[in-house]
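Letter by letter, the chains look like this.
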Amino acid sequence: MSRYFLKTLREAPAEAELPSHRLLLRAGLVMPLAAGLYCFTPLGWRAMRRVEELVREEMNRAGAQELRLPALQPVELWEQSGRNEIFGDVLYRVSDRRERDFVLAPTHEEAVSALAASQVQSYRDLPVTLYQFQQKFRDEPRPRGGLIRLREFCMKDAYSFDPDWETLDESYRAMFDAYARIFARAEVPAVPVEADSGAIGGKDSQEFIYLNENGEDEVLLCSSCGYAANAEKATFRAEPPVAAEPAPVERVDTPGVGTIASLAAFLGVEERQTVKAVFYAADGEPVFVAIRGDLEVNETKLRNLLKAVELEPMDDAAVARHGLVAGSASPVGLEGLRVVADTSATEAVNLVGGANEPDAHLLNVNYGRDWTATLVDDIALAEGGHRCLSCEGTLDVRSGMELGHVFKLGSTYAEALDVRYLDDEGERHHAVMGCYGIGVDRLLAAVLEANHDEDGIIWPATLAPFDVHVVVLGGDKPEVKEALGEVEAALEAAGLEALVDDRDESPGAKFKDADLLGMPVRLTVSPRALGQGGIELQARASGEREVVPLGEVVGRIRERGA
RNA sequence: CGGGGUGUAGCUCAGCCAGGUAGAGUGCUUCGUUCGGGACGAAGAGGUCCCCGGUUCAAAUCCGGGCACCCCGACCA
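Below is a short write-up of the structure. As the structure is a prediction and not an experimental result, all values here were calculated from the model.

### Describing the overall build of chain A
Of the regular secondary structure elements, chain A holds 16 helices and 31 strands. With respect to the principal axes defined by its C-alpha atoms, chain A has extents near 100 × 65 × 50 Å. Within the span of chain A, comprising 562 residues, buried residues form 50% of the whole. Restricting the contact set of chain A to residue pairs at least 6 apart, pairs at least 24 apart contribute 70%. Accessible surface computed for chain A: about 25,600 Å², of which carbon and sulfur atoms make up 47%. Within chain A, the 95 negative side-chain charges are centred at a point lying 6 Å from the centre of the 58 positive side-chain charges.

The structure is reproduced here in structure tokens:
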């Protein structure tokens with residue numbers, strides 16, 4: 001370590017708040033270069049390589065084949081798939097000396113499809129799963145949390161090509177199982193949850209979420225039946241509507257009432273007896289959304305339903321232009337606007353709705369009789385405390401980090417980039433694709449979030465940058481020198497990698513650094529330990545300590561699973 | 001893109017309100033002592049006080065404009 005390119009910090013820089021971010025900086029694994037961009041030091045890079053190697057082992061075990069695609073890609077490829085526009089500002093754009101336009105790829109469905117299109121000809125070439133480790137570039141609006149959200153990061157991205165949806169199920173399952181093994185071996189408790197599959201379409205989509213309060217994603221979990229879903233996707237059972245016979249519409253004055261809460265209080269009804277209006281602009285087109293008053297709109301569900309790329313709240317000018325009365329808007333008597341209704345608002349009877357004039361509302365509004373919608377579907381947002389749709393349980397809301405995503409894509413890219421094959425009857429079909437991603441940097445951060453104590457990192461043995469941390473005390477004494485030489489030789493012969501702290505530091509400083517850096521096993525070579533008959537061995541996780549005769553050191557390390 | 005915060009030594013921060021020689025701890029260098037849980041003493045190196053402009057005899061400090069970074073939100077295949 002006296003010559004190792006590493007500096008630890010006694011205190012973490014002020015900008016770091018998350019435990020993983022603080023540890024990365026304190027242990028000297030990374031150095032920030034700019035927002036969302038990090039340098040990895042030799043030690044940090046070793047850690048990354050260990051994570052990468054673990055992922056690679058499981059990909060290979062699952063039968064996937066590693067390849068390499070370029071990060072720099074012609075913009076035409078992205079125009080072909082239509083994602084030049086969909087990604088928009090997220091794409092880093094560059095041009096070459098001839099002023100041709102390129103992008104730094106944020107993901108590789110296009111490139112891998114182009115490659116597959118050139119290679120796949122027959123059903124005999126399928127199925128195949130290809131993967132790579134490659135830097136992705138995304139101009140994120142807000143990088144954050146050290147390695148949690150980066151602008152340049154390493155992703156393990158895999159893509160499967162199958163002849164049909166049935167065999168895709170098998171390819172998908174193989175990746176799903178590989179992911180479960182990866183997170184288990186990395187000692188990060190990630191749970192699979194149902195996820196939104198986005199505007200691209202596709203079928204099943206699941207995310208592996210590490211439940212952690214510092215995560216950016218929200219998931220809903222049912223402790224009774226095990227249902228788990230990303231908040232964007234989650235379904236639930238709304239409170240049943242209040243039962244009643246339809247009554248005639250009646251106008252009431254509601255002076256100063258402009259919110260559902262105040263409306264319900266003013267009239268002495270429950271919020272689920274009201275209908276709420278929310279206005280959006282979907283790709284610039286105005287949309288009037290009606291949902292029961294006790295529920296919120298899930299904008300992801302709405303965006304998917306409308307097949308919109310962009311969905312924003314309607315701005316005040318547009319609200320006025322369409323003659324909408326905020327606070328008392330109503331789908332009743334509404335003309336010239338696309339109306340989308342949540343199922344909840346169409347099933348309930350005798351709701352209180354707006355009157356489309358200030359300080360007034362309508363009683364006994366009923367779907368079908370008084371108003372209709374262009375589209376009716378589930379567009380409600382599941383929240384903690386809601387009832388599970390699958391059982392009698394209650395949903396809990398938790399935050400978490402998305403570490404991996406597995407996704408049955410279908411043929412969207414195969415069609416855009418012409419990945420076709422001939423079946424055994426000579427008929428041409430598009431391949432059916434799946435895609436599978438793991439953020440390697442983020443996984444490294446998650447490993448630290450899940451494996452540390454107040455003294456520092458506690459590396460899982462499979463991911464530790466070094467197997468053993470050797471603290472040398474009294475290194476100028478001949479018996480210590482001799483013992484150190486023998487220990488180093490034994491470790492090397494056993495294939496164990498060691499970080500040897502031969503610095504001229506006080507014992508306390510060396511022990512503190514050993515705890516911070518967190519290798520699974522610490523060996524102390526010192527006059528005291530030699531006097532007690534050998535080398536001191538301490539396990540980082542348990543803190544258990546023992547003095548082991550020199551010849552048995554490797555054996556004891558092996559027994560401890562390093 | 002909206003809201004909040006911060007920019008002074010490698011790191012953590014004080015100084016700014018009330019303008020007047022740029023500071024502490026830690027880290028770094030050297031010497032000595034010490035040597036099993038961030039040792040002690042001494043000497044030293046290290047600064048465009050984020051940038052540009054303004055006010056002033058004088059700006060880290062006051063004023064204006066920018067930039068960067070962090071946090072919250074929006075966004076996130």
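### What about the sheet that holds strand 13 (residues 250-253)?
Spatial ordering of the open sheet is given by 13-19-18, a layout of three strands whose pairing is antiparallel. Looking at strand neighbours, the two that pair on one side only are strand 13 and strand 18 (351-354), the edges of this open sheet. Direction aside, neighbouring strands of the sheet carry axes that sit 35 degrees apart on average. The pairing of strand 13 with strand 19 (residues 360-365) spans four bridges and is antiparallel. Note that in strand 19 the partner of E250 across the bridge is L363.

### Section: unusual backbone geometry
Between L126 and the following residue, P127, the backbone shows a cis peptide bond with an omega angle of -5 degrees. Along the chain, P127 falls in the loop between helix 5 (109-119) and strand 7 (128-137). One non-glycine residue with positive phi stands out, namely D283, at about 50 degrees. Structurally, D283 can be placed in the loop between strand 14 (275-282) and strand 15 (285-292). The class for D283 is partly exposed, based on a relative accessible area of 44%. With phi around 60 degrees, D359 is a residue other than glycine that occupies positive phi space. Inspection of the secondary structure assignment puts D359 in the loop between strand 18 and strand 19. For D359, a relative accessible area of 39% corresponds to the partly exposed category.

### Let's talk about the environment of K156
As for its position among the elements, K156 is in strand 8 (residues 152-162). By relative accessible area, which is 0% here, K156 ends up buried. Residues contacting K156, with those up to four places away along its chain left out, are V55, M59, Y131, Q132, F133, Y179, Y436, G437, I438 and V440. Within the structure, the side chain of K156 is placed 2.6 Å from the side chain of Y179, a separation counted as a polar contact.

The rules behind each value
- Residues numbered from 1 in each chain as written.
- Chains lettered and ligands numbered in written order.
- Predicted model: local features only at pLDDT ≥ 70, side-chain atom pairs only at ≥ 80, totals over all residues.
- Heavy atoms only, no water.
- Helix = DSSP H or I, 4+ residues; strand = E, 2+ residues; numbered from the N terminus.
- Buried < 20%, exposed > 50% of the residue type's maximum accessible area, 1.4 Å probe, protein only.
- Contact = heavy atoms within 4.5 Å.
- Areas by Shrake-Rupley, 256 points an atom, 1.4 Å probe, with all protein chains shown as cover.
- Lys, Arg positive; Asp, Glu negative; His and termini not counted.
- Charge placed at Lys NZ, Arg CZ, Asp CG, Glu CD.
- Pairing = 2+ DSSP bridges.
- Axes fitted to C-alpha atoms, helices over the stretch in contact; angles between N-to-C directions.
- Polar contact = N/O pair within 3.5 Å; in protein donor to acceptor, adjacent residues only side chain to side chain.

Limitation: the analysis is restricted to geometry and does not speak to function.
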